Amino acid sequence: MMELTGDIPGLLRRCSPLIDPSDGERSVVVSVVEGIGVRCSVERDCRVESYNYTFRSLCLDTSDPTGRFHARLWLLEQGHDVGSEDRAEVLAWSVLSVWRGGKPLRDVVGKARAGADTAQQAVEDAALLARGLALTNPDGSLTLPPLPGGAR
């Protein structure tokens with residue numbers, strides 16, 4: 001799954017669920033100090049502990065509904081209404097695309113058709129990806145188009 005790091009300006013906010021990619025530990029934002037980092041709380045053995053982190057060291061936890069809502073809210077604040085989209089991969093791709101100067105994912109369409117010519121299907125799939133559409137694979141996973149621009 002794509003990681004939405006805290007260094008995307010305005011993405012992390014109070015109550016954002018977080019995950020530390022280095023150890024998988026989950027926490028929640030208590031407060032945000034713009035341009036510096038976040039104060040987080042972690043519950044361990046029925047005790048709440050607080051820590052300070054830099055933005056880059058944490059990722060928004062899009063496996064959590066609140067994390068997905070915060071991704072949608074960030075997109076809306078950037079002028080992109082993605083409606084009720086709630087798939088973590090689609091939201092993460094859209095946030096990264098907009099952060100890099102692109103647009104959110106336009107839509108997700110079906111991929112394989114029974115009895116379709118595989119060579120023709122590959123050409124059609126490539127055309128859909130080039131138009132900014134994601135594809136649903138037969139197993140339910142998604143094929144996402146390339147992100148715009150280089151890595152940030």
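As a convention, each chain's residues are numbered from 1 in the sequence order in which they are written. Totals for whole chains, interfaces and linings use every residue, but because this is a predicted model, local features are given only for residues with pLDDT of at least 70 and side-chain atom pairs only at 80 or more, for both listing and counting. Neither water nor hydrogens contribute to the side-chain values; these are computed over all heavy atoms in the structure.

## Points about the environment of His80
Moving on, step 1. The way it works is that DSSP assigns letters per residue, a run of H or I at least four long becomes a helix, a run of E at least two long becomes a strand, and they are numbered from the N terminus. Here His80 is to be found in the loop between α1 (65-77) and α2 (88-99).
Moving on, step 2. Only protein chains enter the area calculation, which uses a 1.4 Å probe; residues under 20% of their type maximum are buried, those over 50% are exposed, and those in between are partly exposed. On the accessibility criterion, His80 (22% relative accessible area) is partly exposed.
Moving on, step 3. When residues no more than four places from it in sequence are discounted, the contact partners of His80 are Leu75, Val98 and Pro104. For this analysis, residues touch if any pair of their heavy atoms sits within 4.5 Å.

## Digging into the pairing of strand β7 (residues 133-136)
Moving on, step 1. As paired elements, strand β6 (residues 107-110) and β7 share four bridges and run parallel to each other. If you follow Gly110 over to β7, its bridge partner there is Thr136.
Moving on, step 2. Strands are treated as partners if at least two bridges between them are detected by DSSP. Across two bridges, β7 lies against strand β8 (residues 142-143) in antiparallel orientation. Paired with Leu135 across the strands is Thr143, a residue of β8.
Moving on, step 3. Counting the residues between successive antiparallel strands, the hairpin from β7 to β8 contains five residues, one of them, Gly140, with a positive phi of roughly 95 degrees.

## What to know about α1
Moving on, step 1. What a helix should span is 1.5 Å times the count of its residues minus one. Counted at 1.5 Å a residue, the expected span for α1 with its 13 residues is 18 Å, and the 18 Å between its end C-alpha atoms agrees.
Moving on, step 2. Those residues of α1 lying buried are Gly67, Arg68, His70, Ala71, Arg72, Trp74 and Leu75.
Moving on, step 3. Of the surrounding elements, those touching the buried residues of α1 are β1 (17-19), β5 (59-60) and α2.
Moving on, step 4. Polar contacts, as used here, are pairs of N or O atoms within 3.5 Å; protein pairs need one atom able to donate a hydrogen and one able to accept it. Residues neighboring in sequence count only if both atoms are side-chain atoms. N-cap assignment for α1: the residue whose side-chain oxygen lies 2.7 Å from the backbone N of Thr66 is Asp64.
Moving on, step 5. Gly79, located one to two residues past α1, shows a positive phi value of around 95 degrees.

## Here we look at the sheet that holds β7
Moving on, step 1. Spatially, β6-β7-β8 is the arrangement adopted by the three strands of the open sheet, whose pairing is mixed. The sheet is open, and its two edges are formed by β6 and β8, each paired on a single side.
Moving on, step 2. Geometry is summarised by axes, namely lines fitted to C-alpha atoms with helices restricted to the contacting stretch, and by angles between N-to-C directions that run from 0 to 180 degrees. Of the strands in this sheet, β6, β7 and β8 are in contact with helix α3 (residues 118-130), which crosses β7 at around 140 degrees.

## Notes on the packing of α1 against α2
Moving on, step 1. Where α1 contacts α2, the two axes come as close as 10 Å, and the packing angle between them is 35 degrees. Both α1 and α2 take part in a crossing whose hand is left-handed. Across from Arg68, Ala71, Arg72, Trp74 and Leu75 in α1, the residues of α2 making contact are Ala88, Leu91, Ser94, Val95, Val98 and Trp99. Working rule for handedness: look at the near helix, and if it is turned counterclockwise from the far one by less than a right angle, call the crossing left-handed; if clockwise, right-handed.

## Digging into the pattern of salt bridges
Moving on, step 1. We count a salt bridge whenever a side-chain nitrogen from Lys or Arg sits within 4 Å of a carboxyl oxygen from Asp or Glu. Applying the stated criterion across every chain yields a total of five salt bridges.
Moving on, step 2. Of the charged contacts in the structure, one is a salt bridge between Asp86 and Arg68, with a shortest N-O distance of 3.0 Å. With a gap of 18 residues between them, Asp86 in the loop between α1 and α2 and Arg68 in helix α1 connect regions that are remote in the sequence.
Moving on, step 3. Each of Arg68, Arg72 and Asp86 takes part in salt bridges that share partners, so that together they form one network.

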